[in-house]
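# Per-entry structural report
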Amino acid sequence: QKEVEQDPGPLSVPEGAIVSLNCTYSNSAFQYFMWYRQYSRKGPELLMYTYSSGNKEDGRFTAQVDKSSKYISLFIRDSQPSDSATYLCAMSVEAGKSTFGDGTTLTVKP
Amino acid sequence: DAGITQSPRHKVTETGTPVTLRCHQTENHRYMYWYRQDPGHGLRLIHYSYGVKDTDKGEVSDGYSVSRSKTEDFLLTLESATSSQTSVYFCAISESELNYGYTFGSGTRLTVV
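Residues numbered from 1 in each chain as written. Chains lettered and ligands numbered in written order. Predicted model: local features only at pLDDT ≥ 70, side-chain atom pairs only at ≥ 80, totals over all residues. Heavy atoms only, no water.

## Some thoughts on unusual backbone geometry
A cis geometry characterises the amide bond from Gly9 of chain A onward to Pro10 of chain A, with omega recorded as 0°. Here Pro10 of chain A is to be found in the loop between strand 1 (4-6) and strand 2 (11-14). Between Ser7 of chain B and Pro8 of chain B the backbone carries a cis peptide bond, its omega angle lying at -10°. You can see Pro8 of chain B is positioned in the loop between strand 1 (4-7) and strand 2 (10-13). The backbone of Lys70 of chain A sits at a positive phi, close to 55°, despite the residue not being glycine. (Helix = DSSP H or I, 4+ residues; strand = E, 2+ residues; numbered from the N terminus.)

Take a look at the structure:
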């Protein structure tokens, strides 16, 4: 079983919808949680970073971490066609050496 | 991507040949990583470096070696390329021992025929 499991998708939503992307993990030592966005044939880019449990908001994006359930989520409000990409969750125990989920591909239709 | 460059961007090579991929950064970051990305497996860590001449193995290091003789350069060598090493290779950098996330390069698409 993988340490990090991500909802595989693909996910297709209409423009303006609220999107929920989710990952579960098995290693209770993880304490750094990240979300990356990857456009086709590009490198991943960091969207959100969270340390330990709680919520973090940045514009239309909200990251949630529930360490008791070993569950993290990324919410996208008022989704736009430009949000169409693959979203990767990642987490780590300490410096570097992040473990990634396989990614969820999102399409936002105009 | 600003501050991190991978070369080459694309390469086709024959089975059994050695291949070296280069990652160059201008950010003076201490940590550098090599990942491979494959369908169904996501991003998997090959090797990483926490300073000049300081490197360690990741999850899928067999068949790969790395070197870091300068802060700005991290080289990944496939000692004898195999078809299973056909993949997209990403280099990443991070500044701190606290994991605030990576900056990734644009990737190298490697095909072994």
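Now, onward.
## Regarding the packing of aromatic side chains
By the definition in use, this model includes 18 aromatic pairs over all chains. Judged by centre distance (5.8 Å) and plane angle (65°), the ring pair of Tyr25 of chain A and Phe30 of chain A falls under edge-to-face. Note on accessibility: Tyr25 of chain A and Phe30 of chain A belong to one class, buried. Arranged with centres 5.3 Å apart and planes meeting at 80°, the rings of Phe100 of chain A and Tyr35 of chain B form a pair that is edge-to-face. (Phe/Tyr/Trp six-rings, centres within 6.5 Å; stacked < 30°, edge-to-face > 60°. Buried < 20%, exposed > 50% of the residue type's maximum accessible area, 1.4 Å probe, protein only.)

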